[in-house]
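Descriptive structure summary
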Amino acid sequence: MKSHVRQIQETFDRNWDRDFLIEARSGDHITYGELAQKSKQFACFLMEHGVEKSDKVALIMDNRKEFIFAMFACFYIGAIIVPIKPDLMIGETEYIIDHVEAVCVIGDGENDLAWIKDISSSPMLIIFNLSSGLCPEDTSYFINKEFFKQSNTGYKRDGVEFDIIKDDDIAVIAYTSGTTSNPKGVMKYYKNIIVNSNTFSRFVQWNNNVRLLTILPLSHMTGWYNSIVIPFFTGATVILGDAFNAKSLLDIWNDAEKYNINTLWLVPTIIAMLLRLDRGVKGSLYCKEHVNMVLSGAAPLNSAEKMLFEKRYSVPVLQNYGITETTFVAANSLAFPVRNNSVGKVLPNIVVNIVNDDNKLCEVGETGEIYVKTPSLMAGYLKIERGQEGISDQWGYRTNDVGRFDIDGYLYLTDRKADTIIRGGINTSPKEIEDYILQNYYVAEVAVVGLPHEIYGEEIAAFIKLRENVMYTEEQMMDYCKKRLSHSKYPRRVIFLGEVPKHLSGKVQKKILRKQYANLYISNTYPAN
């Protein structure tokens, strides 16, 4: 049987002279052939400095072409990439680097990584200092702009081949938050990401005419996988913008027009922000004439906002569903009618079982917990023993999502069984936040929940019972949280309660808090178009 990993080199060869990447911040165009050469060049550099197959390489970079060069360089030599969000707090990043036992950390001049030298494992630090940014004195290797401008002679083949990697080798360890205090490292085989990429792109009818604009962060799976890996195997062209913020959001239509994009991949938070901040007509006019589809995933999309976005921009929004452990499971497509609130139909060669509380398959229309059997299932969690991954021999991987099928096979997500908060498409563990807050002497009890938010989907709130006879303010607690919790994790509201509601068993009743405070973050206002 033909090796899946051979498709990497075949994709390069087939599209050698075509644009793969256009970096919006610099205007640089990178062909498939140039990506192959520059990645091989950097792969040789890594090997010369001791990086070997199966070594873990942490990537802590913003949205820039060098992230992609480094990613493919690791693929060439079989090193395992570990994407890490640059906005994590030092303690959170250090935990991942230590847990994965990274031998190398690759950063850019935009993020201060001077503290890396103090980590006990002492990983090699490589910095792409692409501007007048930060370059720690103890950087192991400093790479300036001239590195990739050097002649590529000798880097076309030069012993750096995909023959070193196999389908069952680990390509990526992606850390994801769930119900546990610390994030878990999800190990993905090469065959996982290649097979699922091909299945997904065919299902949504992508081809090499796709010109995708993304402002999703490369450090997140929606960035490196959805926006880079899948387009790569499709032979598409990616226009890479800065990771989304208010400025990059409003630049989106300028970049779309400048680079003739026809496809967008967004998350519900971006859709919500565009509906509120995009007050001009440029985007709606451009989409009506040039954009074929907008894909949306990572979190549930409010049906009212989906319809409003489609009406304003005259383009279909195709929701999809997948999690880090399974990659894509279901999707909508232009090949069949889209139904409101549905994440589409199950992809080929994947089985979704919806199971009730009696451990029996649900009937059509009946709601139950979603289990997935897929050839793209993760290899497992790093340093977690087999049998603890939530996999049922009978039903498949337990997603902790709740949903149902309709009579025509459309899948609907209706709830989550786990406490995981999805803020802006990013999973956050309430337990991690609770554990930190409980370290505060003044706190007796705490419950952290996600409450509905019109832009982020969910926003974090902390309900706290203080110790008796102490004085502590919401402002003091917020300052305490910001010291150790990253921007995406600290609660935006702290509510002090006389008692945190509990069952007779002592378990906190978070459903009561969610119901009672459901409107805490909701204003339901939209600007006029």
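Data block above holds the structure.
This one's a predicted model, so the numbers in the text were calculated from it and none came from an experiment.

Okay, helix α9 (residues 268-277) next. Within α9, 9 of the 10 residues are buried, which leaves the element mostly enclosed by the surrounding structure. Here α9 has its buried residues at P268, T269, I270, I271, A272, M273, L274, L275 and R276.

Another point: unusual backbone geometry. The backbone phi angle of T327 is positive, close to 55 degrees, even though this residue is not glycine. Along the chain, the position of T327 falls in strand β15 (residues 327-331). Its relative accessible area of 3% is what places T327 among the buried residues.

On to the sheet that holds strand β26 (residues 457-466). The 3 strands lie next to each other as β25-β26-β27, forming an open sheet whose pairing is mixed. Because the sheet does not close on itself, it has two edges, and the strands there are β25 (443-453) and β27 (493-496). Averaged over neighbouring strand pairs, the angle between their axes works out to 25 degrees when direction is ignored. Of the strands in this sheet, β25 and β26 are in contact with helix α12 (residues 430-437), which crosses β25 at around 145 degrees. Sitting on the sheet, helix α13 (residues 474-484) is in contact with β25, β26 and β27, with an inclination near 130 degrees to β27.

Burial of strand β3 (residues 56-60) is extensive: 4 of the 5 residues sit out of reach of the surface. Examined bridge by bridge, β3 and strand β4 (residues 80-83) share 4 bridges and lie parallel to one another. For V57, the partnering residue across the bridge sits in β4 and is I81. Handedness of the β-α-β unit built from β3, helix α3 (residues 65-77) and β4 comes out right-handed. With 4 bridges joining them, β3 and strand β5 (residues 104-108) adopt parallel strand pairing. By the bridge assignment for β5, L59 is matched with I106.

In this structure, R423 sits in strand β23 (residues 421-423). On the accessibility criterion, R423 (7% relative accessible area) is buried. In this structure the side chain of R423 is engaged in a polar contact, spanning 2.8 Å, whose partner is the side chain of E459. When sequence neighbours within four positions are dropped, the list of residues in contact with R423 reads Y456, E458, E459, I460, H487, S488 and R492.

Tallied over the full model, the rule gives 0 disulfides. We note that C104 lacks a disulfide partner, and the nearest cysteine sulfur, in C74, lies 7.4 Å from it.

It is worth spelling out the pattern of salt bridges at this point. Close approach of charged atoms allows side chains of opposite charge to pair. According to the stated counting rule, one finds 22 salt bridges in the structure shown. Between E23 and K65 there is a salt bridge; the shortest N-O distance is 2.9 Å. Of this pair, E23 sits in strand β1 (residues 19-23) while K65 sits in helix α3, and the two are 42 residues apart along the sequence. Here E23 falls in the buried class, since its relative accessible area comes to 2%. By relative accessible area, which is 13% here, K65 ends up buried.

Turning to helix α1 (residues 6-14), its buried residues number three or more, namely I8, Q9, T11 and F12. Buried residues of α1 fall within an arc of 155 degrees about the axis and therefore sit on the same side.

One can find T324 in the loop between β14 (317-323) and β15. In this structure the C-alpha to C-alpha distance between T324 and T222, which are 102 residues apart in sequence, comes to 9.5 Å. For T324, the residues in contact, after removing those within four places along its chain, are A174, T176, V186, K188 and M221.

Time to look at the packing of aromatic side chains. For the structure shown, the criterion picks out 26 aromatic pairs. Here the aromatic rings of F336 and Y410 are separated by 5.9 Å at their centres, their planes lie at 80 degrees, and the arrangement is edge-to-face. Of this pair, F336 sits in the loop between β15 and β16 (342-346) while Y410 sits in strand β22 (residues 410-416), and the two are 74 residues apart along the sequence. Through a chain of ring-to-ring contacts, the aromatic side chains of F12, F20, Y32, F72, F75, Y76, Y190, F232 and F233 assemble into a single cluster. Taking NZ or CZ as reference, R404 lies 4.2 Å from the ring centre of Y412, over its face.

By the element assignment, L249 lies in helix α7 (residues 246-250). With 21 residues separating them along the chain, L249 and I270 place their C-alpha atoms 7.6 Å apart. L249 has contacts with I215, I270, M273, L274 and L277, leaving out every residue within four places of it along the chain.

Moving on: the packing of helix α5 (residues 190-203) against helix α6 (residues 221-234). As a packed pair, α5 and α6 sit with axes 9 Å apart at the nearest point and diverge in direction by 75 degrees. Relative to α6, α5 is oriented roughly perpendicular. Along its contact with α5, which presents I193, I194, N196, S197, N198, F200 and S201, the element α6 presents W224, Y225, V229, I230, F233 and T234. For the contact of α5 with α6, a count of residues per class yields 8 nonpolar, 5 polar and no charged.

Conventions we followed
Residues numbered from 1 in each chain as written. Predicted model: local features only at pLDDT ≥ 70, side-chain atom pairs only at ≥ 80, totals over all residues. Heavy atoms only, no water. Buried < 20%, exposed > 50% of the residue type's maximum accessible area, 1.4 Å probe, protein only. Helix = DSSP H or I, 4+ residues; strand = E, 2+ residues; numbered from the N terminus. Pairing = 2+ DSSP bridges. Axes fitted to C-alpha atoms, helices over the stretch in contact; angles between N-to-C directions. Contact = heavy atoms within 4.5 Å. Right-handed = clockwise from strand over helix to strand, strands pointing away. Polar contact = N/O pair within 3.5 Å; in protein donor to acceptor, adjacent residues only side chain to side chain. Disulfide = S-S within 2.5 Å. Salt bridge = Lys/Arg side-chain N within 4 Å of Asp/Glu carboxyl O. Arc of directions from axis to C-beta. Phe/Tyr/Trp six-rings, centres within 6.5 Å; stacked < 30°, edge-to-face > 60°. Lys NZ or Arg CZ within 6 Å of the ring centre and 35° of its normal. Parallel < 35°, antiparallel > 145°, perpendicular 65-115°, else oblique. Nonpolar A, V, L, I, M, F, W, Y, C, P; charged D, E, K, R; others polar.

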